[in-house]
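Listed below are the residues making up each chain.
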Amino acid sequence: MSAFTLIEGIGAPLPLPNLDTDQIMPKQFLRGIDKAGLDRGLLYDMRFDEHGEPRPDFVLNQPAWRDTRVLVAGPNFGCGSSREHAVWGLQQYGIRAVIAPSFGEIFYSNAMNNRLLLVMLPQAQVDVLMRAAANPAAPASIRIDLDTMTVAAGDFTAPFTMSARHLDMFRRGLDIIGMSLTHADAIAAFAGRHHAANPWLRDVAATTMARLAG
Amino acid sequence: MAGRTLYRKLVESHTVVTLDADNVLLYADLHIMNEYTSPQAFAGLAEHGRKVPAPGQQLAVVDHIIPTHAESPRVIQDPASALQARNLKRNCDLHGIPLFDTNDPLQGIEHVITPEHGMIRPGMVVLCGDSHTTTYGAFGALGFGIGTSEVEHVLATQTLVYRLARDMRIRVEGLLPPGTTSKDLILHIISRISAQGARGYVVEFTGSAIRALSMEARMTLCNMTVEAGARGALIAPDATSVGYVLERAADIDASMAQAARTAWAQLASDADAPFDAELVFDASVVEPYVTWGTSPDQAIPVSAAVPHPADAADAIARASAERALDYIGLAPGSHLQGLSVQRVFIGSCTNGRIEDLRAVADVVRGHKVAAGVRAMVVPGSGAVREQAEAEGIAALLLEAGFEWRKPGCSMCLAMNDDMLAPGERCASTTNRNFEGRQGRAGRTHLMSPAMAAAAAITGCITDVRQLGQSR
C-alpha cells in the first residue's frame, strides 16, 4: 500500500458544473517559468475577495475543510484552457484526487501526467458523496482504494474504473517520454516514409520562416 | 470492411506505434508553442538532457502576455512576463526553433499567424499547448490542445501518446441568414448541446452551410468547437480550403501541388463510415447569438429573453444559472437588447482575422463609438493589421473612435494589461465568458464581430440586423 494506491482524506464539495481552469488557476498566476507558488492561486477568486482577504463563506476557507485532500465536483470539471498550472496548483494545495461525473478532456490528460487522481462516478453517486462532504459538523473522509478500485465514505461504497494505461501511470509514476523514446527508431522510420509520401509536410515551420525572412 | 471517417484516416496516417486498444503514438507534423505553457516543458528537457529531434517542425510565438499598445518597439513592462518572453527566445535559440518574437512585424496570435502564412495544410496533425488548436480542423487538419507535460513529450519525440476520441458528425444544412455568421452558428450549436455536449468526440462538420463558409468563418467555427468539450473539429478539404493553402504555401511548387491535391482529395469520410453520434442543424434559423451567462453554452438569440433558472433541466443547472445571473448582473426574463456596455473588444483567435475586421468596418462606416464606451480592436496578427491599414479599415475605425492596437491575445484572457474593471460589461468577439476571464468581476457577452461593432456604436447590445434597417 503506497501513497499512490490509497488516498484518504477530507472531501470538500464544489458542486458547480463546468468549473473551468480559468477559475481553478487565474491568469495572474500563469506568468512564471517554473511551477512554484501555484497553491496561492488555486480557485483564487473563490477563496479570496478583492482585497486578497480569505472569503470566510467559501468551503475551503472553513475550519472543517482545512485539511481537504479530495474535491467532490460537478460535471465537466476542468473544462476550458489547457493550462496545466491548474493541476499543479491543486497538487500544491494538497489535493490528491478529484471525484466528478466528468472532466474536461485536456485537464484529464494533464492530471494523469502529474499523478493527480481523477475518479469518474455517475452523478447520483457523486450527489451522495457531495452531501456527505458538505456536512460542516463532520465532513466525510473519503477513501479511494486503487487495489480494490472503490471509493468509500462512511457507509457508502462505489466501484470505479479507469483505463489500464492511466491506472498504471498513476500507480507507478511512469516516465512516459522515456518510454516513448524507446520507439525512437520507429519514429525516425515513420518520419522518413511520411515525408517521402507527403513532401509538403516536411519542416513546414522552418521552411515557412525562411521564406518569410526573405 | 466498413468505411473510415476522416478522423480515423488522419489518426491512422499518423500512427507510429499502436500502444494498446485505445492509445497510439501519434506523429505531429507541426508543434506550436507560446511563452506561458512551454517554459516548464523546456526545463524538463534540460533536466533530463533531452534534445529536440525535429526543430523545423516546431514554431514558437509570443502572444498571450504581450501588451497591445500601439507603440514601436513594443516593451513588456511586467517583469515576470518579460522574463517569459526572454526565456522563450533563449529556449528557441538553444534548440534551433523558429520564433515570432515580440517585435517581429509578423507577430500575432498563434492560431492566426500559422494559417495565414500557409503553415496549416490538409492532412496534418498540429499540436499546441492551447485549447483553441481545434481551429485547424478548418483545413482538414487534426489540431488539438495539449498540456505542458505533453509539450515536453512532443519536443522530445515529435509524437504524443494519444488516446483515441469518438466520432461525431454535425451536419448543417441551409444558408446562414444575412446578419449572422459562423460565430452565431457555433454559439447556437453549443447552446443546444451544452458545454460538454461533444466531450470525448472529434466533431466533423458537413453540409451545405459548412461548404458555403469562407476559411475565416470555418476557423471561427472549429476554434469554438472546443467550448462544447470536443477533442477536435474537422471540415473535409474542398476547393475553398485547398485554394487558400496553395495561395499561401509558396514552398509547394506546381508539381508538388498536383501530388498534394491528389492526396488531399482522399481526406473525406467514406460514405459508409460509422459515426458514434450524429446531429443535424438548420443554418437558416440561426439568429445573432449573445451569451447571457458565464459558460459559452449560456447563449440565446439576441431577441430572446434571459432564461429563468427555474426552467433548468436539473438542480445543478439551476444553481449554475442562478450563480451566472448573479455574476453577470441580469434578472431572469430580462432582455439583452438595450443592455448598456462600457467596453467592446474585437479580436482573438476566434474573430481577429481580416474578414472579421471587414465585417466590423461595414457596420461602423458612418458612425461613431457611443459616448461612454471604450472600444478596442486588436488585430490577430501583424499581417492582419497591415492588411486592414491598406484597406482603410484602420483609418475608418480610428476616425470612429476605436482604439487600433497591436496584435496579441489581449483581453480574450487578460494575461497582459488589457482587462475589464470589476463590474464592467463587455461586448466581446472572444470565445470564453468564464467568471473573471477578462478581468476579475468583469462581465463578458460573447457575440460576432458585427454584433460587437453594433454594440460599440449604440452603446448597448443591439441586433445588428435592425441597425441595418434603420439606416
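Small disclaimer: the values here were computed from a predicted structure and weren't measured.

Overview of the overall build of chain A
If you tally the helices and strands in chain A, you get ten helices and seven strands. In terms of overall dimensions, chain A has a C-alpha envelope of 70 × 45 × 30 Å along the principal axes. Among the 214 residues that make up chain A, the fraction classed as buried is 44%. For chain A, contacts bridging at least 24 residues in sequence account for 68% of all contacts bridging at least 6.

Topic: the domain arrangement of chain A
Partitioning chain A into structural domains gives domain 1 (6-174) and domain 2 (183-212). In this structure, domain 1 of chain A and domain 2 of chain A have C-alpha centres spaced 40 Å apart.

Quick word on the domain arrangement of chain B
The extent of an interface is frequently quoted as the accessible surface area lost upon association of the parts. Residues and elements named next belong to chain B. By the assigned domains, chain B splits into domain 1 (6-164) and domain 2 (306-470). Here the C-alpha centroids of domain 1 and domain 2 sit 28 Å apart. The interface is formed by 21 residues belonging to domain 1 together with 22 residues belonging to domain 2. In terms of residue class, the side of domain 1 that touches domain 2 is built from ten nonpolar, eight polar and three charged.

Some thoughts on the interface of chain B and chain A
Every contact between the two is made by 76 residues of chain B and, on the other side, 59 residues of chain A. Grouping the amino acids of the side of chain B that touches chain A by side-chain chemistry returns 33 nonpolar, 28 polar and 15 charged.

Quick word on the confidence of the model for chain B
Per-residue pLDDT for chain B averages 97, and the proportion of residues at 70 or more is 99%. With a pTM of 0.98, the predicted complex shows an ipTM of 0.98.

What to know about the sheet that holds strand β3 (residues 97-100) of chain A
Residue and element names in this part refer to chain A. An order of β4-β3-β2-β1-β5-β6-β7 is seen for the seven strands of this open sheet, with the pairing classed as mixed. Each of the sheet's edge strands pairs with one partner strand only, and the pair in question is β4 (117-120) and β7 (156-159). Recorded for the sheet is a direction-independent mean angle of 25° between the axes of neighbouring strands. Note: strand β2 (residues 68-73) against β3, three bridges, orientation parallel. Pairing of V72 across the sheet is with I99, part of β3. Seen against the sheet, helix α6 (residues 123-133) touches β1 (6-14), β2, β3, β5 (141-145), β6 (150-153) and β7 and runs at an angle of roughly 85° to β1.

Quick word on the sheet that holds strand β11 (residues 232-234) of chain B
Whether parallel or antiparallel, the strands of a sheet pair through hydrogen bonds between backbone atoms. All names here are of chain B. Pairing is parallel across the open sheet formed by four strands, whose spatial order is β11-β10-β9-β12. Among the strands making up the open sheet, the edge pair consists of β11 and β12 (277-282). Taking the axes of each pair of neighbouring strands and ignoring which way they run, one obtains an average angle of 20° across the sheet.

A look at the environment of A:L30
When you line up the elements, A:L30 lands in the loop between α1 (21-24) and α2 (38-41). With 24 C-beta atoms packed within 10 Å, A:L30 lands in the buried category. Sequence spacing of A:L30 and A:R83 is 53 residues, and the spatial spacing of their C-alpha atoms is 8.3 Å. Other than its neighbours up to four places away in sequence, A:L30 contacts A:R83, A:H85, B:Y36 and B:M415.

Regarding the nonpolar core
Formed by 217 residues in total, the largest nonpolar core has its most connected members in A:V72, A:I99 and B:V344. Of all the elements, helix α16 (residues 449-458) of chain B adds the most residues to this core, at eight residues. If we ignore the near neighbours within four places in the chain, the residues touching B:V344 are B:V373, B:A375, B:M376, B:C426, B:A427, B:A452, B:A455 and B:A456.

With respect to the pairing of strand β4 (residues 58-61) of chain B
Residue and element names in this part refer to chain B. Burial along β4 is two-sided: Q58 and A60 and L59 and V61, pointing in opposite directions, are all buried. Across four bridges, strand β3 (residues 30-34) lies against β4 in parallel orientation. Of the residues in β4, the one forming a bridge with I32 is L59. Crossover connection from β3 via helix α2 (residues 39-48) to parallel β4: handedness right-handed. As paired elements, β4 and strand β5 (residues 99-100) share two bridges and run parallel to each other.

A look at the packing of helix α13 (residues 354-364) of chain B against α16(B)
Residues and elements named next belong to chain B. The interhelical angle for the contact between α13 and α16, taken along N-to-C directions, is 35°, at an axis separation of 8 Å. At the point where α13 passes α16, the crossing takes the right-handed sense. Where α13 abuts α16, its residues D356, A359, V360, V363 and V364 lie against P449, A450, A453, A454 and I457. When grouped by side-chain class, the residues that make up the contact of α13 with α16 number nine nonpolar, no polar and one charged.

Some details on unusual backbone geometry
Of note, the bond from B:S72 into B:P73 is cis; its omega dihedral lies within 30 degrees of zero at -10°. Positionally, B:P73 belongs in the loop between β4 and α3 (79-95). Backbone geometry places A:D203, a non-glycine residue, at a positive phi of 45°. With respect to the element layout, A:D203 can be found in the loop between α9 (184-197) and α10 (204-212). Look at B:A414: it is not a glycine, yet its phi comes out positive at around 55°. With respect to the helices and strands, B:A414 occurs in the loop between β17 (403-404) and β18 (425-428). The exposure class of B:A414 is buried, given the 23 C-beta atoms found within 10 Å.

A short note on the packing of helix α6 (residues 182-193) of chain B against helix α8 (residues 215-225) of chain B
Residue and element names in this part refer to chain B. The geometry of α6 relative to α8 is characterised by a closest axis approach of 8 Å and an angle of 25° between their N-to-C directions. By the angle between their directions, the pair α6 and α8 is classed as roughly parallel. As α6 runs across α8, the sense of the crossing is right-handed. For the pair α6 and α8, contact is made by S182, K183, L185 and I186 and by A217, R218, T220, L221, M224 and T225, respectively. The residue inventory of the contact of α6 with α8, partitioned by class, reads five nonpolar, three polar and two charged.

Some thoughts on the pairing of strand β19 (residues 443-446) of chain B
All names here are of chain B. Side chains of β19 alternate between two faces, with R443 and H445 and T444 and L446 buried alike. Of the strand pairs in this sheet, β18 and β19 are connected by four bridges, and their pairing is parallel. From the neighbouring strand, C426 faces β19, where its bridge partner is T444.

Some details on helix α14 (residues 382-390) of chain B
All names here are of chain B. Here α14 has its buried residues at G382, A383, V384, R385 and A388. Summarising the contacts, the buried residues of α14 are in contact with α4 (110-116), α13 and α15 (393-400). Phi turns positive, to about 85°, at G392, one or two residues after α14.

So, the environment of A:H51
By secondary structure assignment, the location of A:H51 is in the loop between α3 (44-47) and β2. Between the alpha carbons of A:H51 and A:M120 there is a distance of 36 Å; along the sequence they are 69 residues apart.

Thoughts on α6(B)
All names here are of chain B. Taking 1.5 Å of rise per residue, the twelve residues of α6 would be expected to cover 16 Å, and the 16 Å separating its terminal C-alpha atoms lies within 8% of that figure. Judged by how many residues are buried, α6 sits mostly within the fold: eleven of twelve residues are covered. Immediately beyond the C-terminal end of α6, within one or two residues, lies S194, with a positive phi of roughly 85°.

How each quantity is defined
Residues numbered from 1 in each chain as written. Chains lettered and ligands numbered in written order. Predicted model: local features only at pLDDT ≥ 70, side-chain atom pairs only at ≥ 80, totals over all residues. Helix = DSSP H or I, 4+ residues; strand = E, 2+ residues; numbered from the N terminus. Buried ≥ 20, exposed ≤ 12 C-beta atoms within 10 Å, placed from the backbone. Contact = placed C-beta atoms within 7 Å. Domains from an automatic or database assignment. Nonpolar A, V, L, I, M, F, W, Y, C, P; charged D, E, K, R; others polar. pLDDT = per-residue confidence, 0-100. Pairing = 2+ DSSP bridges. Axes fitted to C-alpha atoms, helices over the stretch in contact; angles between N-to-C directions. Core = buried A, V, L, I, M, F, W, Y, C linked by C-beta atoms within 7 Å. Right-handed = clockwise from strand over helix to strand, strands pointing away. Left-handed = near helix turned anticlockwise from the far one by under 90°. Parallel < 35°, antiparallel > 145°, perpendicular 65-115°, else oblique. Expected span 1.5 Å × (residues − 1).

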